[in-house]
Amino acid sequence: MPTAEALPAADVDTLIIGAGPAGLFAAYYAGFRGMSVSVMDSLPEPGGQISAMYPEKHIRDIAGFPAIRGRELVDRLLEQAAPYEPAYLLGQSAHQLQRHENNSAPAVFTVTSSAGVTVHARSIIVTGGIGKFTPRPLPAAQAYTGEGLAYFVRRLDDYADSDVVIAGGGDSAFDWAHALGPIARSVTLVHRRDTFRAHPATVAAVTASGVEVFTNAQIRKIRGNNVVHGVEVATDDGTVHELSCQRIVAALGFTANLGPLLEWGIDIRNRRHIVVDSTMQTTVAGIFAAGDINDYDGKVRLIAVGFGEAATAVNNAAHYIDPKQPVFPGHSTDTAPTAIPA
């Protein structure tokens, strides 16, 4: 996959901002419609929240899959889009937007990324989910710069035969504790309260599995400089527990915001959701939005819904670019098959 440094200024039919499921499906569908595509995302790998937060969890509401792991879904979406060769601009977020009017044709947009890459696009589809999200830091890790601390579990196998300490009391913390229990040598969960935000069934499963749980406690110190060797856990009664571990997962939640998108002149409800019409177009002509980031009456935030919105946005973007093009392109079964790379 090309890096941002290897790519010159791009000139494309559509720029997709956000490489989560809706964005990746939009990349496929735009290719199916014969459109050239760039996909931009602030994360260093495609997949959005799935890749960052639950790559190993099963997703059970994707049509045609009784259950599919998050990472596998992302891989399938990348495979689906691959024949159309979208250009991926990863590890950079969309910053500056300029709109160039053209009396005889639709306006052209110029987007400059946080890495200084410039994209000229005849349409934009925003599929940024909850926007740019940043994990909440573990206070004890402020002076720690070594290996062994993670804010997201990307691959369960990386934790095999390790002693793992997880900080947090929400769904992510308990999901990781439940998933890592059979793989790691030991799992300990540390939470600053004695109540949990996680689903009660998951809490019950974790506590019954042998995972040690410290409540009313916090990680006070990480032992080790270049590599994690252990932690000190302090409870509210003043007791300090020294735990040996090689891995720490700080599942403390995250903050999210739409960043520079708030300055693009788009109607954004409560600074979180982009208002769209039935074509998925925003209040700025030529800019569309699909997936969790958009909003309209009756909106349902599911990946399955985002797929349909992505197709709607792409088809209407194609018509916006060239009004002679129909909104509905026909069915994929009516076209010649596209070769899938080996």
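Residues numbered from 1 in each chain as written. Predicted model: local features only at pLDDT ≥ 70, side-chain atom pairs only at ≥ 80, totals over all residues. Heavy atoms only, no water.

**Q** How would you summarise the sheet that holds strand β17 (residues 230-235) if you had to cite specific residues and measurements?
**A** As a general point, the strands of a sheet are linked pairwise by backbone hydrogen bonds and lie either parallel or antiparallel. Spatially, β16-β17-β18 is the arrangement adopted by the three strands of the open sheet, whose pairing is antiparallel. The sheet is open, and its two borders are formed by β16 (217-223) and β18 (240-244), each paired with just one other strand. Across the sheet, the mean angle from the axis of one strand to that of its neighbour is 25 degrees, orientation sign disregarded. Examined bridge by bridge, β16 and β17 share six bridges and lie antiparallel to one another. By the bridge assignment, Ile 222 is partnered in β17 with Val 231. (Pairing = 2+ DSSP bridges. Helix = DSSP H or I, 4+ residues; strand = E, 2+ residues; numbered from the N terminus. Axes fitted to C-alpha atoms, helices over the stretch in contact; angles between N-to-C directions.)

**Q** Kindly report on the packing of aromatic side chains, identifying the contributing residues and their values.
**A** This structure, assessed with the given rule, holds nine aromatic pairs. Ring centres of Phe 25 and Tyr 28 lie 5.6 Å apart, and the angle between their planes is 40 degrees; on these two criteria the pair is classed as tilted. Of this pair, Phe 25 and Tyr 28 both sit in helix α1 (residues 21-32), three residues apart, roughly one helical turn. Note on accessibility: Phe 25 and Tyr 28 belong to one class, buried. Taken together, a centroid distance of 4.9 Å and an interplanar angle of 75 degrees make the contact between Phe 174 and Phe 196 edge-to-face. With Phe 174 in helix α4 (residues 171-180) and Phe 196 in the loop between β14 (186-190) and α5 (200-208), this residue pair connects regions lying 22 residues apart in the sequence. In this structure Phe 196 comes out as partly exposed when scored by relative accessible area, which is 26%. Cluster of aromatic residues (ring-pair linked, three or more members): Phe 25, Tyr 28, Tyr 29, Phe 32, Tyr 84 and Phe 307. (Phe/Tyr/Trp six-rings, centres within 6.5 Å; stacked < 30°, edge-to-face > 60°. Buried < 20%, exposed > 50% of the residue type's maximum accessible area, 1.4 Å probe, protein only.)

**Q** Could you give an account of the sheet that holds strand β15 (residues 212-214), naming the residues involved and the relevant values?
**A** The strand order across the open sheet built from five strands is β12-β19-β13-β14-β15, with neighbouring strands paired in parallel fashion. The open sheet has two edge strands, β12 (149-150) and β15, and neither has a second partner. For β14 and β15, the ladder comprises three bridges, and the chain directions are parallel. Paired with Thr 188 across the bridge in β15 is Glu 212. Sitting on the sheet, α4 touches β13 (163-167), β14 and β19 (247-250), and the angle it makes with β13 is about 165 degrees. (Contact = heavy atoms within 4.5 Å.)

**Q** Tell me what's going on with the nonpolar core, and back it up with residues and numbers.
**A** One finds Leu 15, Phe 25, Val 119, Ile 124, Val 126, Trp 264 and Ile 274 to be the most contacted residues of the largest nonpolar core, which totals 63 residues. It is helix α6 (residues 303-321) that provides the largest number of residues to this core, a total of nine residues. Once you skip the residues sitting within four places of it in the chain, Ile 124 turns out to touch Thr 14, Leu 15, Ile 17, Leu 97, Phe 109, Val 111, Trp 264, Gly 286, Ile 287 and Phe 288. By size, the runner-up hydrophobic cluster in this structure holds 20 residues, among which are Ala 150, Ala 177, Val 203 and Val 249. (Core = buried A, V, L, I, M, F, W, Y, C linked by side-chain atoms within 4.5 Å.)

**Q** Describe the pairing of strand β8 (residues 108-113), with residues and values.
**A** Examined bridge by bridge, strand β7 (residues 94-100) and β8 share six bridges and lie antiparallel to one another. Paired with Arg 99 across the two strands is Phe 109, which belongs to β8. Where β8 meets strand β9 (residues 118-121), four bridges bridge the pair, whose relative direction is antiparallel. The partner of Thr 112 across the bridge, within β9, is Thr 118. Hairpin remark: β8 followed by β9, antiparallel, with four residues in the connecting loop; positive phi at Gly 116, about 85 degrees.

**Q** Provide a residue-level description of the domain arrangement of the chain, including the pertinent values.
**A** Taken domain by domain, the chain consists of domain 1 (8-130 + 253-319) and domain 2 (136-251). Placing the centre of domain 1 and that of domain 2 at their C-alpha centroids yields a distance of 34 Å. Counting residues at the interface gives twelve residues for domain 1, matched by ten residues for domain 2. A combined buried area of about 1,100 Å² lies between domain 1 and domain 2, and 49% of that area is made up of carbon and sulfur atoms. A per-residue breakdown of the area domain 1 buries against domain 2 is headed by Met 53, Glu 56 and Gly 253, which together make up 39% of the total. Counting across the domain 1 and domain 2 interface gives one salt bridge. Among the ionic pairs, Asp 175 bridges to Lys 57, the shortest N-O distance being 2.5 Å. For the interface between domain 1 and domain 2, the tally reads two residue pairs in polar contact (both at pLDDT 80 or more). For the side of domain 1 that touches domain 2, the secondary structure elements donating two or more residues are α2 (49-53) and β20 (254-257). Of the residues assigned to the side of domain 1 that touches domain 2, the class counts are five nonpolar, three polar and four charged. (Domains from an automatic or database assignment. Buried area = accessible area lost by both parts, 1.4 Å probe. Salt bridge = Lys/Arg side-chain N within 4 Å of Asp/Glu carboxyl O. Polar contact = N/O pair within 3.5 Å; in protein donor to acceptor, adjacent residues only side chain to side chain. Nonpolar A, V, L, I, M, F, W, Y, C, P; charged D, E, K, R; others polar.)

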